[in-house]
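Structural features, examined
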Amino acid sequence: MLALVLSGILSWHFLMDGQMVGCGGGSSCDEVLNSRWSMIAGLLPVSGLAMGVYLTMLLATFFIGPDTELSIRRLAWKVLLVLAGSVAGGALWFTVIQKWIIGGFCFYCMTTHFIGLVITGLVYWRAIREKESGLIDHVQQNFVVGRENSLSTHASSNQRLQVSKFLLTGLAFAGVMAVSQVGLSSSSAYSDGESHENLPAINSQTVPLIGAPDAPYIVKLLFDYECSHCQKIHFMLEEAVRRYHGKLAFALCPTPLNTQCNPYVPRDVDAFKNSCELARIGLSVWLANREAFPAFETWMFTYETGDRWHPRSPGAAGKKAVELVGETEYREAMADSWLKGYMQSCVQLFGQTLQNGKGGIPKLILGSRWVIPEPANTDDLIRILQKSLDLPKP
């Protein structure tokens, strides 16, 4: 019942485009719930599918008691076991997605997955000991009806085999769902909208840019140096600019997802604990030496070892900044009032483009329109720019 209620709440908020408590803009929870993995075929929320599964399991439990007709009882146990296997497979699949693909966790989702695994264990444990469930179709009738004494070793093994077979069938269904989700979910998922407020203007001549300051289309990019999606999109920007032949540029707007410098973030999470300091270091490099800034950006988003990117620490970033621009120039830039003012403008852009309290980065803004993209490559990014920000074809 708890898993059913949680799934129902998640589905309701998805359909109403609302915000879960504790899942404010930029949080790991918000990132998970707004990712392409939260849907199947871009239409059906995963939580809605889970709600149907848990509801069916709950109803099946009313038909597994000893007063129920044997054939109905047998069917109810089979349904329970198959769905329990599906629940376990789904829990494992979405935990992998959150850990190794999204890089963040949703408390509500993980709680539901944990409950699902507990349910699977309980159903399996009880089914093994159910002597009159009718699951052992190929065992002699006296073993099906059972006696009070222990079953033979052969019958016990056969029963485990029969029960496991239904669980594995459920796991196979979960595998089909996972494959379908990979195949049907758009690799260039995104959410977009339009702000009805007057967004603060940015002078393209005086802010960090990828592209030419006189480009007719200056797209503001809100990002965080500790954001994994920002890291991925960073390496698509220059290629997008190149394809537009000087007509497109990206104004880089560091937007820390930390309450220390961003009042629109509801609470702090460890993943963004150094965001404010890293944003100041990055802007100080640009202020001290604009020619050195591209090298700093590339270094910040490049990983040299392992199979995953990890954000740089403030200590390492500060050391790299001094290496690129010199210590005196770096210290002077860090004390410049422009730096604080520009960060406030970027944060204001983030706050004024929240929708129903929901936010996220990276966020692209052109005029009053904005989009939070999840592109797989530059082609995806350009399609999103055209559809959401009305950019022409390159």
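Values in this document were obtained by computation on a predicted structure and should not be read as measured data.

Criteria and thresholds
- Residues numbered from 1 in each chain as written.
- Predicted model: local features only at pLDDT ≥ 70, side-chain atom pairs only at ≥ 80, totals over all residues.
- Heavy atoms only, no water.
- Helix = DSSP H or I, 4+ residues; strand = E, 2+ residues; numbered from the N terminus.
- Contact = heavy atoms within 4.5 Å.
- Disulfide = S-S within 2.5 Å.
- Buried < 20%, exposed > 50% of the residue type's maximum accessible area, 1.4 Å probe, protein only.
- pLDDT = per-residue confidence, 0-100.
- Axes fitted to C-alpha atoms, helices over the stretch in contact; angles between N-to-C directions.
- Parallel < 35°, antiparallel > 145°, perpendicular 65-115°, else oblique.
- Left-handed = near helix turned anticlockwise from the far one by under 90°.
- Nonpolar A, V, L, I, M, F, W, Y, C, P; charged D, E, K, R; others polar.
- Phe/Tyr/Trp six-rings, centres within 6.5 Å; stacked < 30°, edge-to-face > 60°.
- Salt bridge = Lys/Arg side-chain N within 4 Å of Asp/Glu carboxyl O.

**Some points on the environment of Phe-250**
With respect to the element layout, Phe-250 can be found in strand S6 (residues 248–254). When the C-alpha positions of Phe-250 and Leu-364 are compared, they lie 8.7 Å apart, and in sequence the two are 114 residues distant. If we ignore the near neighbours within four places in the chain, the residues touching Phe-250 are Pro-208, Leu-209, Ile-210, Val-219, Leu-237, Ala-240, Val-241, Leu-364 and Leu-385.

**Concerning the state of the cysteines**
Formally, a disulfide is one covalent bond, and it connects the sulfur atom of one cysteine to the sulfur atom of another. As enumerated under the stated definition, the model contains 1 disulfide in all. Between the sulfur of Cys-261 and that of Cys-276 lies a disulfide, 2.0 Å long from S to S. Across the S-S bond of Cys-261 and Cys-276 the torsion is about -95°, and the bridge reads as left-handed. Highlighted residues: Cys-261 in the loop between S6 and helix H9 (275–288) and Cys-276 in helix H9, separated in sequence by 15 residues. The buried category is assigned to Cys-276, whose relative accessible area is 1%. Left unpaired, Cys-253 is separated from the closest cysteine sulfur, that of Cys-346, by 3.8 Å. Residue class for Cys-253 comes out buried when judged on its relative accessible area of 0%.

**Digging into the confidence of the model for the protein**
Averaged over the protein, the pLDDT score is 86; the fraction of residues at 70 or greater is 88%. Confidence drops under pLDDT 50 across residues 132–152; counting only partners more than four residues distant or on other chains, this segment forms 41 contacts.

**As for the packing of helix H10 (residues 293–300) against helix H11 (residues 314–325)**
It is at 10 Å that the axes of H10 and H11 come closest, and there the two elements cross at 155°. One way to sum up the angle between H10 and H11 is to call them roughly antiparallel. In this structure, H10 meets H11 at a crossing whose hand is right-handed. Of the residues in H11, those in contact with Ala-295, Phe-296, Trp-299 and Met-300 of H10 are Ala-316, Ala-317, Lys-320, Ala-321 and Leu-324. The residue makeup of the contact of H10 with H11, split by class, is 8 nonpolar, no polar and 1 charged.

**Structural notes on the packing of aromatic side chains**
Under the definition given, this model contains 10 aromatic pairs. Here the aromatic rings of Tyr-225 and Phe-296 are separated by 6.3 Å at their centres, their planes lie at 80°, and the arrangement is edge-to-face. Remark: Phe-296 occurs in helix H10 and Tyr-225 occurs in the loop between strand S5 (217–223) and helix H8 (228–243); sequence separation between them is 71 residues. Overall, the relative accessible area of 2% leaves Tyr-225 in the buried class.

**A short note on the pattern of salt bridges**
Under the criterion given, the structure shown has 8 salt bridges. For Arg-243, the salt bridge is made with Asp-379, and the minimal N-O distance between the two is 2.4 Å. Of this pair, Arg-243 sits in helix H8 while Asp-379 is found in helix H14 (residues 378–389), placing the two residues 136 residues apart along the sequence. The partly exposed category is assigned to Asp-379, whose relative accessible area is 37%. Its salt-bridge partner being Asp-390, residue Arg-369 comes within 2.6 Å of it at the nearest N-O pair. Of the two residues, Arg-369 sits in strand S8 (residues 369–374) while Asp-390 sits in the segment after H14, which places them 21 residues apart along the sequence. Several salt bridges converge on common partners, so that one network encompasses Glu-239, Arg-242, Arg-243 and Asp-379.

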